[in-house]
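In case you want the letters, here they are:
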Amino acid sequence: MLIEAIGLCFLGLCFGVTVSAGIFAFITMLDIVPRLAHRTGTAPHLYGFENAIIAGGTFGNILSLFIRNFPVTQAGLAIFGVFSGVFIGCLAMALAESLRVIPIFVKRLKMRKGLPAVLLAIALGKLVGTTLQYFYK
């Protein structure tokens with residue numbers, strides 16, 4: 001029983017490190033963080049962003065592996081949700097920008113006006129869809 005638990009912990013740690021390394025390689029390969037820092041005008045803090053992403057992935061991996069019941073209040077959950085949403089939103093927009101999806105979309109639809117409204121509609125659609133999926137499974 002103990003050897004099985006140790007083996008499962010080891011496999012969980014290995015798989016978590018593998019997935020984290022893949023995500024970090026993906027983010028690095030597409031230059032998402034430097035593009036985001038350049039667009040927001042925070043390029044002098046680039047190394048801080050990269051270190052925060054690595055530390056967050058590592059800390060999250062350790063938390064999910066070793067701490068099963070992590071007590072969080074409703075306020076803590078709301079703060080975590082806001083930061084997660086901001087990160088996922090920035091990641092999605094940086095990925096879309098790096099792959100040039102939006103300019104191709106605009107060109108094919110021959111849009112002259114209304115791009116901010118379309119982007120807002122996409123973001124709100126994802127928000128509503130995620131909320132419905134979360135609450136109504």
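The present account deals with the structure reproduced in this document. (Residues numbered from 1 in each chain as written. Predicted model: local features only at pLDDT ≥ 70, side-chain atom pairs only at ≥ 80, totals over all residues. Heavy atoms only, no water.)

**Overview of the nonpolar core**
Just so we agree on the cut-off: Nonpolar cores are built from buried Ala, Val, Leu, Ile, Met, Phe, Trp, Tyr and Cys residues. Side-chain atoms within 4.5 Å join them into one set. Only protein chains enter the accessibility calculation, which uses a 1.4 Å probe. A residue is then buried if its area is under 20% of the maximum for its type, exposed if over 50%, and partly exposed in between. Any two residues whose heavy atoms approach within 4.5 Å are treated as being in contact.
One finds I27, L30, I32, V33 and A94 forming the largest nonpolar core, which totals five residues. If near-sequence neighbours (up to four positions away) are discounted, I27 is found in contact with I32, V33, F87 and L91.

**Focus on the layout of surface pockets**
Space left empty within the atom packing is revealed by a probe, the size of a water molecule, rolled over the atoms. To be explicit about the condition: Grid spacing is 1 Å over the protein atoms alone, the probe is 1.4 Å, and a cavity is where that probe fits but cannot get out, while a pocket is an open set with protein on both sides within 12 Å along at least five of seven lines and lining residues have an atom within 4 Å of a point. Grid points are joined across faces, edges and corners, and a volume is the space filled by probe spheres set on the points. Going along the chain from the N terminus, every DSSP run of H or I of four or more residues is numbered as a helix, and every run of E of two or more is numbered as a strand. In this classification, Asp, Glu, Lys and Arg are treated as charged, Ala, Val, Leu, Ile, Met, Phe, Trp, Tyr, Cys and Pro as nonpolar, and every other residue, Gly included, as polar.
Of the voids in this model, the largest pocket is the one considered here, and its volume is about 1100 Å³. Of all the elements in the fold, those that place two or more residues in the lining of the largest pocket are α1 (2-29), α2 (32-40), α3 (46-66) and α4 (74-99). Looking at which element gives the most residues to the lining of the largest pocket, the answer is α3, with 10 residues. Here the lining of the largest pocket is composed, by residue class, of 22 nonpolar, 10 polar and no charged. Of the volumes computed, that of the second largest pocket is approximately 940 Å³.

**Let's talk about the packing of aromatic side chains**
Keep this limit in mind: In this analysis, rings of Phe, Tyr and Trp, with Trp reduced to its six-membered ring, are considered paired at centre separations within 6.5 Å, and the interplanar angle assigns stacked below 30 degrees, edge-to-face beyond 60, and tilted for intermediate values.
By the definition in use, this model includes one aromatic pair. Seen from their ring centres, Y134 and F135 are 5.0 Å apart, and the 80° between their planes marks the pair as edge-to-face. There is no split in this pair, since Y134 and F135 are both exposed.

**Focus: the state of the cysteines**
Structurally, a disulfide amounts to a covalent bond that connects the sulfur atoms of two cysteines. We apply this condition: Sulfur atoms of two cysteines make up a disulfide when they are within 2.5 Å.
Considering all chains together, one arrives at zero disulfides under this definition. Free cysteine C9: the closest other cysteine sulfur is in C14, separated by 11 Å. Residue classification places C14 among the partly exposed residues on the basis of a relative accessible area of 29%.

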